[in-house]
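# Structural overview
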Amino acid sequence: MKKHPKVFIIILNYNGKDVIKKCLTSVFKLDYPNFEVVFVDNNSTDGSLEIAKSNYSKAIFIKNEENLGYASGNNIGIRFSLERMADYILVLNNDTEVEKDFLTKLVEVAEEDEKIGIVSPVILDGNTKQVWFSGGRIDWMRMKTEHVQKAQGESQYESDFITGCSMLVKAEVFKKIGLFDEDFFLYWEDADLSLRSKKAGFKNMIVPASWIYHFEKSESQKKAKTYWLVVSGLIFFQKNTPAWLRPWVNTYLIGRKIKNWLDLKFSRNELAETVKKAYDDYRSISV
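In this report, we go over the structure that sits alongside the text. No experiment lies behind these values; they were computed from the predicted model shown.

Analysis parameters
Residues numbered from 1 in each chain as written. Predicted model: local features only at pLDDT ≥ 70, side-chain atom pairs only at ≥ 80, totals over all residues. Heavy atoms only, no water. Core = buried A, V, L, I, M, F, W, Y, C linked by side-chain atoms within 4.5 Å. Buried < 20%, exposed > 50% of the residue type's maximum accessible area, 1.4 Å probe, protein only. Helix = DSSP H or I, 4+ residues; strand = E, 2+ residues; numbered from the N terminus. Contact = heavy atoms within 4.5 Å. Axes fitted to C-alpha atoms, helices over the stretch in contact; angles between N-to-C directions. Parallel < 35°, antiparallel > 145°, perpendicular 65-115°, else oblique. Left-handed = near helix turned anticlockwise from the far one by under 90°. Nonpolar A, V, L, I, M, F, W, Y, C, P; charged D, E, K, R; others polar. Arc of directions from axis to C-beta.

So, on to the nonpolar core. Counting residues in each nonpolar core, the largest one holds 89 residues, and the members touching the most others are Val7, Ile9, Ile11, Val27 and Leu103. With seven residues, helix 7 (residues 222–240) is the single largest residue contributor to this core. Setting aside residues up to four positions removed in sequence, Val7 forms contacts with Tyr32, Asn34, Phe35, Glu36, Tyr88, Leu90, Leu103, Val107 and Leu168.

The contact between helix 6 (residues 189–199) and helix 7 brings their axes to 11 Å, and the two run at 20°. Considering the angle they form, helix 6 stands roughly parallel to helix 7. Of the two possible hands of crossing, helix 6 and helix 7 adopt the one that is right-handed. Where helix 6 abuts helix 7, its residues Ala191, Asp192, Leu195 and Lys199 lie against Phe236, Lys239 and Asn240. In terms of residue class, the contact of helix 6 with helix 7 is made up of three nonpolar, one polar and three charged.

What helix 1 (residues 20–27) keeps buried is the set Ile20, Cys23, Leu24, Ser26 and Val27. All buried residues of helix 1 project into a common sector of 165° when viewed along the axis, lining one side. Turning to helix 1, the residues buried within the fold contact strand 1 (7–13), strand 2 (35–41), helix 2 (48–55), strand 4 (88–93) and strand 5 (96–98).

Before going further, it helps to spend a moment on helix 2. Looking at helix 2, one finds that the buried residues are Ser48, Leu49 and Ala52. Across the axial projection of helix 2, the buried residues extend over an arc of 105°, all falling on one side.

On to unusual backbone geometry, then. Its identity as a non-glycine residue notwithstanding, Met85 has a phi of 65°, on the positive side. Since its relative accessible area comes to 64%, Met85 is described here as exposed. Backbone geometry places Lys129, a non-glycine residue, at a positive phi of 65°. Among the secondary structure elements, Lys129 is positioned in the loop between strand 6 (116–125) and strand 7 (131–133). Take Lys129: its relative accessible area is 47%, and that puts it in the partly exposed class.

Rendered as structure tokens:
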């Protein structure tokens, strides 16, 4: 094993003017001695790319000509990194701030076992300092994922999935299972990658000694967030539901659509129109 494997840190940016300096400042203070930052911009219009270029010249910059979404945007950075012989690729949200030793601790755990494929720090809410993610569960019966929001001791442990907010992935994982599935524009691609990684024999691990902070920018855009959570969730379960559970999932989905119809009829939910549009659009893009 290499003493300090080469890590490429992919930071995907789209109009992150309010958060990007905090993120990049913390990343360039990392105590890990062998990393490069690849800043992938999804055609931002708020000046955030220019801010990053003028203040963090050590980064490598890639500008996309349109907003490609999370999966496609990150894949551009991942391909770039794999071509340059990355040992690990860290996918990191632009609305995070990291502890200076968090990457060192992730790599240490990942290097302990060749079957460890994806590792995550414990992620705290940047405003409340409460645990935002310390593991993830896929609830097949209710077609949802759940964040574990409680620290679970000091030793690393396995998780159904790792959130794309911060995931350190061995290059071998991408080489074996492929990159993020670009059928997902936003959300659920992380659970899909984690599930494919597990099916290929790798472990998804949480490292309690490693911490970062997440200042969740998406909460200010609830309609867009709800729309993509619904569409991408439908794609995920269509792709990944075990055969024996498909009859139940199909029945459960009918129930969800009935609830949405009632929400619309009786004005019970301000996001009901957004949810209906997501169901309608999914039918036209379903794979």
